[in-house]
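Read off the chains here:
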Amino acid sequence: MSFVNKVLFSCFLLISFNLTPSIGQTLIKKTIQVEQQKSLLWKIEGKDLKAPSYLFGTIHLIPRSKFLFNNSMNQALSNSENVVFEIDMNVMNDFTQMFGILSKIRMPDGVTIKDLLSPEDYKLFTDKFAEQGLPTAFLEGIKPMFLSAMGGDAGMGGDGDMISYEVELSEKAKEQGKKIGGLETIDEQLAVIDSISLKDQAAMLVESLKSTDASSGYDEMVKRYLEQDVEGLNTYINDSPEAKDKDMMNSLLSTRNKKWIPAMEKMMVENPTFFAVGAGHLGGKEGVINLLREAGYKVSAVVEM
């Protein structure tokens, strides 16, 4: 991947911070209605829906060898009319929009990362990014959260052959002639990041650079993901050091989840839809699964037996 493409794709992954009439029991092998059932795929029924829609939890990057998308998931996608991500994946193919992001990820008023870090932390920053072949002179003016995303590959396990669920599923949707959409715009997601102060972003960047167990943390998330344990992922996220900042967590997760529900309702009424969002958004009291239930829908885990 070229340097520019790495910048654009990393930025996209950060701001993405992941049906026809009833599929029925003949296609989905078993639907289990248990509050804590482990599943990445959830069937949405009831209220004013004429046909079910589906909610699928993604992980934005995963080793290709661990990519999980089983028969039930394929069947739900195949029987969908629309496939909706956090943002419209068509943006990834529109380099006019993607390059437009570059101007929006830079810090204002000539501020640089050097202004936000101590001399020791700045040296850590330059050393770590140099190890990845990333020119720090170009990165000096980029907002710290994007720098954290761009440097994230070093903390990921696997054999280096990483793929994106969003990219893979959008390709599947295009092959099947599905309409692709998004729950948010790029500007809305950028606004979420901008709600976090540059000072706090810089502190998070330094913490990630100093972390000696980044790989084990990523491996733990992948483990829970492959176990389809969305509640376990929610617990893991809420136990992380970053979760101590409740305002930030609200901005990144619960506030966005709540905004998605009306948009999802409108889409589901119009056409049965396959929603693919980050698995960290699904579990918990303010997760999408519970919020949909509170809105009056029946939301059931779909488990392949």
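These remarks concern the structure in this document. Counting from 1, residues in each chain are numbered in the order their sequence is written. A pLDDT threshold of at least 70 governs which residues receive local features in this predicted model, and a stricter bar of 80 or more applies before side-chain atom pairs are shown or counted, although totals over entire chains, interfaces and linings include all residues. Side-chain figures throughout are based on the complete set of non-hydrogen atoms in the structure, without hydrogens or water.

## Brief notes about the nonpolar core
Reasoning step 1: Nonpolar cores were defined as sets of buried Ala, Val, Leu, Ile, Met, Phe, Trp, Tyr and Cys residues, with membership established by side-chain atoms within 4.5 Å. Exposure classes here rest on a 1.4 Å probe applied to the protein chains alone. A residue is buried below 20% of its type maximum, exposed above 50%, and partly exposed in between. Among the nonpolar cores identified, the biggest contains 49 residues, and Ile 44, Leu 55, Phe 56, Tyr 225, Met 264, Phe 274 and Leu 292 are the most heavily contacted of them.
Reasoning step 2: With 32 residues, the next largest nonpolar core counts Met 107, Leu 139, Ala 202 and Ile 237 among its residues.

## Brief notes about the side chain of His 60
Reasoning step 1: Working definition: helices are DSSP H or I runs of at least four residues, strands are E runs of at least two. Numbering for both runs from the N terminus. Tracing the backbone through its elements, the reader meets His 60 in the loop between β3 (53-58) and β4 (62-63).
Reasoning step 2: In protein, a polar contact means a hydrogen-donor-capable atom and an acceptor-capable atom, both N or O and within 3.5 Å, with residues adjacent in sequence counting only if both atoms are side-chain atoms; elsewhere, any N or O pair within 3.5 Å suffices. A distance of 2.7 Å separates polar atoms of two side chains, one belonging to His 60 and the other to Glu 166.

## A look at helix α9 (residues 186-194)
Reasoning step 1: Those residues of α9 that sit buried are Ile 186, Gln 189, Leu 190, Val 192 and Ile 193. An end-on view of α9 places all buried positions within 150° of arc, on one side of the element. The directions considered for the arc are those from the helix axis to the C-beta atoms.

## A look at the pattern of salt bridges
Reasoning step 1: Within this document, salt bridges are pairs made up of a side-chain nitrogen of Lys or Arg and a carboxyl oxygen of Asp or Glu, the two lying within 4 Å of each other. Under the counting rule described, the total for this entry stands at 14 salt bridges.
Reasoning step 2: Between Arg 64 and Asp 161 there is a salt bridge, with the nearest N and O atoms lying 3.2 Å from each other. Of this pair, Arg 64 sits in the loop between β4 and α2 (71-78) while Asp 161 is found in the loop between α7 (144-150) and β6 (162-163), placing the two residues 97 residues apart along the sequence.
Reasoning step 3: Taking relative accessible area as the criterion, Asp 161 reaches 35% and is therefore assigned partly exposed.
Reasoning step 4: It is possible to trace a salt-bridge network through shared partners that takes in Glu 86, Glu 184 and Arg 256.

## Description of the packing of helix α5 (residues 119-131) against helix α10 (residues 198-210)
Reasoning step 1: The convention used is that axes are lines fitted to C-alpha atoms, helices contributing only their stretch in contact, and that angles between N-to-C directions extend from 0 to 180 degrees. At their nearest, the axes of α5 and α10 sit 10 Å apart, and the two run at 60° to each other. One finds that α5 runs oblique with respect to α10. In this structure, the crossing between α5 and α10 has a hand that is left-handed. Between α5 and α10, the contacting residues are Asp 121, Leu 124, Phe 125, Lys 128 and Phe 129 on the first element and Leu 205, Val 206, Leu 209 and Lys 210 on the second. Put simply, angles under 35 degrees are roughly parallel, angles over 145 are roughly antiparallel, angles from 65 to 115 are roughly perpendicular, and the rest are oblique. In a left-handed crossing the near helix is turned counterclockwise from the far helix by less than a right angle, and in a right-handed crossing that turn is clockwise. Residues count as neighbours in contact if any of their non-hydrogen atoms are within 4.5 Å of one another.

## Quick look at the side chain of Asn 257
Reasoning step 1: Tracing the backbone shows Asn 257 in helix α13 (residues 246-270).
Reasoning step 2: Judged by relative accessible area, which is 2%, Asn 257 ranks as buried.
Reasoning step 3: A distance of 3.0 Å separates a polar atom in the side chain of Asn 257 from the backbone oxygen of Glu 286.
Reasoning step 4: Ignoring anything within four residues of it in the chain, the contact list for Asn 257 reads His 281, Glu 286, Gly 287, Val 288 and Leu 291.

## Description of helix α8 (residues 165-175)
Reasoning step 1: Listed in full, the buried residues belonging to α8 are Tyr 165, Glu 166, Leu 169, Ser 170 and Ala 173. Taken around the axis of α8, the buried residues stretch over an arc of 120°, which confines them to a single face.
Reasoning step 2: Where α8 begins, the side chain of Ser 164 points an oxygen toward the backbone nitrogen of Glu 166, at a separation of 3.2 Å.
Reasoning step 3: One or two positions beyond α8, positive phi appears at Gly 177, with a value near 70°.

## Regarding unusual backbone geometry
Reasoning step 1: Even without a glycine there, the phi angle at Asp 109 is positive, about 55°.
Reasoning step 2: The exposure class of Asp 109 is exposed, given its relative accessible area of 79%.
Reasoning step 3: You will see that Gln 228, though not glycine, has its phi angle at about 60°, which is positive.
Reasoning step 4: For Gln 228, the position within the fold is in the loop between α11 (214-226) and α12 (230-238).

## Comments concerning the pairing of strand β5 (residues 82-87)
The side chains of a regular strand alternate, first on one face of the sheet and then on the other.
Reasoning step 1: With respect to burial, β5 is a largely interior element, six of its six residues being buried.
Reasoning step 2: In this sheet, strand β7 (residues 179-184) lies alongside β5 in parallel orientation, the contact comprising five bridges. Each bridged residue has a counterpart across the sheet, and for Phe 85 the counterpart in β7 is Gly 182.
Reasoning step 3: Pairing between two strands requires that DSSP report at least two bridges joining them. One ladder, built from four bridges, connects β5 with strand β8 (residues 273-278); its direction is parallel. Within β8, the position partnered with Val 84 by the bridge is Phe 275.

## A look at the packing of aromatic side chains
Reasoning step 1: Centres within 6.5 Å are what make two rings of Phe, Tyr or Trp a pair, Trp counting through its six-membered ring; a difference in plane orientation under 30 degrees is then read as stacked, over 60 as edge-to-face, and the rest as tilted. Overall, the coordinates contain nine aromatic pairs when judged by the stated rule.
Reasoning step 2: Judged by centre distance (5.3 Å) and plane angle (85°), the rings of Phe 56 and Phe 69 are edge-to-face. In this pair, Phe 56 is assigned in strand β3 and Phe 69 in the loop between β4 and α2, connecting sequence segments 13 residues apart. For the pair Phe 56 and Phe 69, a shared accessibility class is recorded, and that class is buried.
Reasoning step 3: Members of the aromatic cluster, joined through ring pairs, are Phe 56, Phe 67, Phe 69, Tyr 165, Tyr 225 and Phe 274.

## Overview of the environment of Val 222
Reasoning step 1: Its place among the elements puts Val 222 in helix α11.
Reasoning step 2: In this view, Val 222 contacts Ile 59, Ile 62 and Lys 66; residues no more than four positions away in its chain are not counted.

## Structural notes on the environment of Glu 184
Reasoning step 1: Secondary-structure assignment places Glu 184 in strand β7.
Reasoning step 2: Considered as a pair, Glu 184 and Ile 87 are 97 residues apart in the sequence and their alpha carbons are 5.2 Å apart.
Reasoning step 3: Every residue in contact with Glu 184, bar those within four places of it in the chain, is listed here: Glu 86, Ile 87, Asp 88, Gln 189, Arg 256 and Trp 260.
Reasoning step 4: Within polar-contact distance, the side chain of Glu 184 engages the side chain of Arg 256 at 2.9 Å.

It is worth stressing that arrangement in space is one thing and function is another; only the former is reported here.
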